[in-house]
Structures are given as C-alpha cells and as structure tokens.
Amino acid sequence: VFTHKIYDLFCDIKNHRKQAGKSEATLYYISTGYAYGICKKIIPEEYPEFHPGKPDNTYAQTKAEAKCFILDKIKQHNDRIVIFEPTIIGGSAKTGKTNSYNLHYIVIMLGYLGKLPFLTSPKNQLDIVPVDWVAAVISDIMAKNEMHQGVLRLASGENAIRIKHLHDVAYDYYVDHDPVPGHVIPKIRFVPKWFFLSMVQVQKSFYRAMFLITRNQRFRKMVKGISLLEGYFPYITGFKVFDNSKSMALIKKYTDCDEA
C-alpha cells in the first residue's frame, strides 16, 4: 500500500514537472535482494523479468509484491525508476561501527552470552555489505543523474563470507577483547540443519508448557524471544548466493565506487 502511494506521488511530481517544462523526474526505490525468495541455486539478476520464489518471511514477501508493482509500471509507462537491492547491510567498511545491531549481530551476541550452543549451515554464505558503501552507491547514482532506469543489486556476490568464517572471526575478537574479566565464551557447535531446527522447536515447546503450568511471564518472554530469533533463520541458515556481475558493471560505470 505504501509503495502504491509513493508511486501516485511520483506520478503527480512527474506531471507537474512536465507541465512546468522541467526535466523528467526519477524515482529511486530501495528494495532488497531477499525479495527473490528461496532459491536453491545462485540467485540471478533479472531485469526487467522477475520471478520470485517462495518468500523467506513476510518482509521479503511484501518487498517482492512491491517490486512486481514497480516493474509493471516501468513496462507500462517506461517510467524512470531505479531499484536498489542491498543484501544484508552491516557496519562501516573502515571501522565496523553500526547504529543497528540486528541480524548477525544478534547471533554473535547470543553466542557470546552462551545462549546459542548450536548453529547450522557453516558453509552457507552470508552476503553482508558495508553501510557506507551502500550509501555511497545510492548517493552517486542520484547526484550524477545519469542512470534513470534499471535494477542495481548491492551485494558482495561470490566474495560473501561463510557462516563459519563469521563465527571464527567473532569468537577470536571477543576472546581478545572481552570486557568481562574471567568470562569464558563457549564455542558454538555446528550441527545438521534438521537437528538445529528441531532443538529450537523443542526449546520453544518447553517454555510454552512451563508458562501454561506456572503462568510465569518469564517463560512467555522466552517463547517470544525464540519466535523473534526464528525470523532471522532464513538469513543465517538459508542458501543465499547473489549474482551481482551486471550490477557491478553498472556501479563502476555510473559511480565512483568499486566492489563492496
């Protein structure tokens, strides 16, 4: 619904500029690489075609629906619309700092606290791009005003890190920089996916049963916490490798940026 309203506003601006004899307007729309849904193979770059698979979650589903709507408007009216598709946005490329400690940061925190004894899919790649790189690409495209239609996937592509590598780097860092004296960080054990998901469901069922028996709100909060964590699982455990060769060629052509 929000995308429909933004497009209506874009049409009003477009008509106003046309009547005033001004240059055409361009709509810059930020989507996500996860709009493509669940793919068992490398996720291709498709423009203007778009065939999303089964969505990972509601967020990805609504993004896919919005992108279909936008692409349809490009086909119908040849609108000047540029779609940006970042993958997982992480901290600064230089300092690592971030204003939003979500997704992989949550998993790292739980591992540090010893509340995540098991994890899965160590060979899966996690496509994380630095926030300053994403901002630089978008600002260059808008400021230079040379690219007016198409899709740019902002991804690490084949250079994306693996889950195991993220774990090892984070573990070594926190061992060397642990703010709590004497704290021992347990290493996470990597287990088969079916076992990991089964353990999560068992734990969730246990806390739900304990709440029904005791009516202790603490158990209800534990169930809610696990449910929220489950929303991250498609990003951590799902196979996601994003092709970005076409987008990188466009990024190098229309911006001053190189690879993430």
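Residues numbered from 1 in each chain as written. Predicted model: local features only at pLDDT ≥ 70, side-chain atom pairs only at ≥ 80, totals over all residues. Heavy atoms only, no water.

### Comments concerning the pairing of strand β1 (residues 27–30)
As a reminder of what qualifies: Summary of the burial criterion: residues with accessible area below 20% of their type's maximum are buried, those above 50% are exposed, and those between are partly exposed, where the area comes from a 1.4 Å probe applied to protein chains only. In this text, helices come from DSSP runs of H or I with a minimum length of four residues, and strands from runs of E with a minimum of two, each type numbered from the N-terminal end. For two strands to pair, DSSP has to find at least two bridges joining them. The handedness of a crossover follows from its direction of travel: if, with the strands pointing away from the viewer, the path from the first strand over the helix to the second runs clockwise, the crossover is right-handed.
The two faces of β1 differ: Leu27 and Tyr29 on one face are buried, but Tyr28 and Ile30 on the other face are not. Direction of pairing for β1 relative to strand β2 (residues 81–86): parallel, over a ladder of 4 bridges. Counted as the bridge partner of Tyr29 is Ile83 from β2. In terms of handedness, the path from β1 via helix α2 (residues 58–77) over to β2 forms a crossover that is right-handed.

### Points about the packing of aromatic side chains
We apply this condition: For Phe, Tyr and Trp, rings pair up if their centres lie within 6.5 Å, where Trp contributes its six-membered ring, and each pair is then called stacked (planes under 30 degrees apart), edge-to-face (over 60) or tilted (otherwise). The criterion is that NZ of a Lys, or CZ of an Arg, lies within 6 Å of the ring centre and within 35 degrees of the ring normal, and then a charge sits over that ring.
Going through the model one piece at a time under the given rule, you end up with 14 aromatic pairs. Look at Tyr101 and Tyr105: their rings are 5.3 Å apart centre to centre, the planes differ by 75 degrees, and that puts the pair in the edge-to-face class. Residue class for Tyr101 comes out exposed when judged on its relative accessible area of 54%. When the ring of Tyr112 is compared with that of Tyr174, the centres are 5.4 Å apart and the planes differ by 45 degrees; the resulting orientation is tilted. Pair noted here: Tyr112 is in helix α3 (residues 104–113) and Tyr174 is in helix α5 (residues 163–176), with a separation of 62 residues, a long-range link. Assessed through its relative accessible area of 15%, Tyr112 is described here as buried. By relative accessible area, Tyr174 is classed as partly exposed at 30%. Taken together through their ring pairs, the aromatic side chains of Tyr7, Phe10 and Phe69 make up a single cluster. The ring of Phe219 is capped by Arg218, whose NZ or CZ atom sits 4.7 Å from the centre of that ring.

### Quick notes on the pairing of strand β7 (residues 150–154)
Among the 5 residues in β7, 5 count as buried, and that is most of the element. Side-chain alternation along β7 places Gly150, Leu152 and Leu154 on one buried face and Val151 and Arg153 on a second face that is also buried. Pairing of β2 with β7, which is carried by 5 bridges, proceeds in the parallel orientation. The partner of Glu85 across the bridge, within β7, is Arg153.

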